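Tertiary structure, described
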Amino acid sequence: IEKRNTVNIFFVSLGCDKNLVDSEMMITSLRKNGFVLTDDIEDADVIVVNTCCFIGDAKEESINTLIEMGGYKEGRCKLLVAAGCLAQRYHNEIKEDIPEVDLIVGTMGYEDLSEKINEALGGKGVLESLKDIDYLPTPLTDRDSMSGGYYAYLKIAEGCDKCCTYCVIPKVRGHYRSVPMDNLIAQAKHLVANGAKELILVAQETTLYGKDIYGEKSLPKLLEELSKIDELKWIRILYCYPEEITDELISAIKNLPKVCHYLDMPIQHGSDDVLRRMGRWTNREQIEKTVAKLREEIPDIALRTTLITGFPGETEDDFEQVKEFVKKMEFDRLGVFTYSREEDTPAAEMDGQIDEEVKEARRDEIMQIQQDIAFDKSNSRVGEIYEVMIEGRLPDEGVYIARTYMDAPDVDGYVFIQSDYNLDSGDFVKVEVTRSDEYDLIAEIIE
């Protein structure tokens with residue numbers, strides 16, 4: 001116990017919001033076991049890097065971060081821990097190629113992280129904690145949020161059964177496993193009691209929540225239960241696969257006041273041939289029908305999606321179909337990734353691999369089309385009235401930064417408000433949009 005109380009830990013979290021939740025679980029567990037978290041890397045006895053390996057750029061960032069953190073072992077740092085997806089997938093390579101790493105913790109290994117760190121501090125050689133990827137650790141219901149704002153992520157499931165041909169997630173995260181609802185409600189209540197006004201539901205796929213443990217898709221029921229938490233203001237849903245969106249889910253989004261009229265719906269492409277090779281479970285016609293139904297039932301819904309350019313075998317005709325699709329759908333928010341060739345995936349072995357320059361040119365062309373759509377949509381909001389959540393203030397300019405229900409943190413736009421009032425982060429205020437500035441809005445408070 002004495003030793004634990006004197007060990008300072010510096011934590012680096014890379015990758016997606018789902019990884020951030022894992023980092024929060026690890027940090028909470030470490031604190032509960034007597035370790036001290038520090039934000040001064042020079043003061044760290046142990047450095048933990050929660051890594052990502054979803055695409056090539058993420059792998060590179062994780063590797064470079066581990067190497068950079070290894071340099072601190074010349075000072076006070078005694079132990080470097082590689083955790084998460086890269087650690088799970090490439091543990092042998094890390095042992096061989098990054099000798100600075102002392103402890104390797106896989107995607108499902110955070111429960112015994114404290115024990116393993118103490119063990120590594122007292123021993124020699126590289127230790128590993130690599131549980132079965134289909135194991136589901138019991139999430140801590142008193143998890144601390146690291147988002148830095150008045151929002152927190154709630155990871156409602158782990159793993160994925162879709163097995164898209166380009167994706168490594170099932171190999172590092174296992175099959176789809178839902179977190180029991182009572183655990184999620186307890187987590188949510190704790191996060192809200194500690195200041196969260198918005199909960200953002202995430203998983204590899206949120207739409208299938210509950211099917212494995214309750215025998216039916218239970219996301220609408222979860223939304224209903226979360227809506228009963230008094231101080232909670234917004235509930236936002238990310239990563240809904242279009243083929244799994246049910247009438248019950250649409251009804252819940254429409255009729256539960258706390259659920260934002262916002263949906264992140266990754267579709268990846270607009271050509272049926274490419275969707276088929278990607279192993280997606282839908283086609284363009286079904287996607288268009290789902291979008292039409294969402295907009296008919298919830299006219300003010302904001303839809304975000306993501307696309308991949310340069311998938312193996314993507315022809316000029318396929319690409320023309322994507323461009324036409326993007327113009328037709330007019331998504332409110334859209335991001336584009338270039339295809340990343342990941343080893344041990346079926347797509348990596350496909351014929352017709354495409355040059356990086358072509359992938360990037362196609363990405364840029366779609367983003368230009370979407371930019372025009374997004375700027376037009378922003379401009380159309382001038383004169384509209386929205387309730388926004390204050391995120392912070394630009395002190396030099398006397399301007400507050402806020403988000404509408406249409407804006408997820410870090411990926412969407414902002415509202416900038418000049419105000420004579422003193423506002424606090426987490427406040428909700430009504431504003432009228434006075435002008436647009438590309439992806440962002442300028443607004444004034446309605447007295």
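The structure we're discussing is the one just above.
Here's a quick rundown of the structure. (Residues numbered from 1 in each chain as written. Predicted model: local features only at pLDDT ≥ 70, side-chain atom pairs only at ≥ 80, totals over all residues. Heavy atoms only, no water.)

Focus on the overall build of the protein
- Within the protein, the secondary structure is distributed over 15 helices and 19 strands.
- On C-alpha atoms alone, the protein measures out to a radius of gyration of 23 Å, which is about the 22 Å that the 2.2 N^0.38 rule sets for 447 residues.
- With respect to the three principal axes, the spread of C-alpha positions in the protein is 65 × 60 × 50 Å.
- The 447 residues of the protein split such that 57% are buried.
- A separation threshold of at least 6 residues defines the contact pool for the protein, and within that pool the share at least 24 residues apart is 74%.
- Entry remark: accessible area of the protein is about 19,300 Å², with carbon and sulfur atoms responsible for 46%.
- Placing the 52 positive and 89 negative side-chain charges of the protein at their respective mean positions leaves the two points 4 Å apart. (Helix = DSSP H or I, 4+ residues; strand = E, 2+ residues; numbered from the N terminus. Rg over C-alpha atoms; globule rule 2.2 N^0.38 Å. Buried < 20%, exposed > 50% of the residue type's maximum accessible area, 1.4 Å probe, protein only. Contact = heavy atoms within 4.5 Å. Areas by Shrake-Rupley, 256 points an atom, 1.4 Å probe, with all protein chains shown as cover. Lys, Arg positive; Asp, Glu negative; His and termini not counted. Charge placed at Lys NZ, Arg CZ, Asp CG, Glu CD.)

Digging into a negative patch on the surface
- There is a patch of like negative charges on the surface, built from E93, E96, D97, E343, D344 and E349.
- Assignment of secondary structure puts E349 in the loop between β14 (333–338) and α15 (356–380).
- Exposure remark for E349: the relative accessible area of 65% places this residue in the exposed category. (Patch = residues over 30% accessible without salt bridge, like charges linked within 9 Å, V, L, I, M, F, W, Y side chains within 5 Å. Salt bridge = Lys/Arg side-chain N within 4 Å of Asp/Glu carboxyl O.)

What about the sheet that holds strand β2 (residues 36–37)?
- What the six strands build is an open sheet, ordered β2-β1-β3-β4-β5-β6; its pairing is parallel. In this open sheet, the two edge strands, each paired with only one partner strand, are β2 and β6 (127–129).
- Running at roughly 170° to strand β1 (residues 8–13), helix α2 (residues 17–32) makes contact with β1, β2, β3 (46–51) and β4 (79–84) of the sheet. (Pairing = 2+ DSSP bridges. Axes fitted to C-alpha atoms, helices over the stretch in contact; angles between N-to-C directions.)

Overview of the environment of G70
- Relative to the helices and strands, G70 resides in helix α3 (residues 56–70).
- Sequence-wise, G70 and D57 are 13 residues apart; in three dimensions their C-alpha atoms are separated by 20 Å.
- Dropping the residues within four chain positions of it, G70 is found in contact with L80 and E100.

Examining the packing of helix α14 (residues 316–329) against α15
- Closest axis-to-axis distance for the α14/α15 pair is 10 Å, and the angle between their directions is 15°. When the axis of α14 is compared with that of α15, the two are roughly parallel. Considering how the two elements wind past one another, α14 and α15 form a crossing that is right-handed. On the side of α14, the interface is formed by E316, F319, V322, K323, V326 and K327, while α15 contributes R362, E365, I366, I369, Q370 and I373. (Parallel < 35°, antiparallel > 145°, perpendicular 65-115°, else oblique. Left-handed = near helix turned anticlockwise from the far one by under 90°.)

As for the packing of helix α11 (residues 247–255) against helix α13 (residues 284–297)
- Where α11 contacts α13, the axes come no closer than 10 Å and their chain directions differ by 35°. Two packed elements cross with a definite hand, and for α11 against α13 that hand is right-handed. Where α11 abuts α13, its residues D247, I250 and K254 lie against K293, L294 and E297.
- For the contact of α11 with α13, the per-class residue count stands at two nonpolar, no polar and four charged. (Nonpolar A, V, L, I, M, F, W, Y, C, P; charged D, E, K, R; others polar.)

Structural notes on empty space enclosed by the protein
- The final tally for this structure, using the stated rule, is two cavities of 30 Å³ or more.
- What the largest cavity holds in volume is close to 110 Å³.
- Around the largest cavity, the lining is made up of 14 residues, and of these D22, Y110, P139, K155 and E158 lie nearest the centre.
- Within the residue set of the lining of the largest cavity, elements represented by two or more residues are α2 and β8 (157–158).
- Looking at the lining of the largest cavity element by element, the count peaks at three residues for α2.
- Split into classes, the residues belonging to the lining of the largest cavity amount to nine nonpolar, one polar and four charged.
- Of the voids in this model, the second largest cavity is the one considered here, and its volume is about 60 Å³. (1 Å grid on protein atoms, 1.4 Å probe; cavity = no way out; pocket = protein on both sides within 12 Å on 5 of 7 lines; lining within 4 Å. Points joined across faces, edges and corners; volume = space filled by probe spheres on them.)

Brief notes about the side chain of H261
- Tracing the backbone through its elements, the reader meets H261 in strand β12 (residues 259–264).
- Of the polar contacts made by the side chain of H261, one reaches the backbone oxygen of I253; its length is 3.3 Å.
- Polar side-chain contacts of H261 include one of 2.7 Å to the side chain of D300.
- Among all residues touching H261, those that are not within four sequence positions of it are I253, K254, I298, D300, I301, A302 and Y405. (Polar contact = N/O pair within 3.5 Å; in protein donor to acceptor, adjacent residues only side chain to side chain.)

Topic: the side chain of N50
- The topology assignment puts N50 in strand β3.
- In this structure N50 comes out as buried when scored by relative accessible area, which is 0%.
- Within the local environment of N50, its side chain forms a polar contact with the backbone oxygen of N19, the two atoms lying 3.2 Å apart.
- Within the structure, the side chain of N50 is placed 2.8 Å from the side chain of S23, a separation counted as a polar contact.
- With residues near it in sequence (within four places) discarded, N50 still touches F11, V12, S13, L14, N19, D22, S23, M26, A83 and G84.

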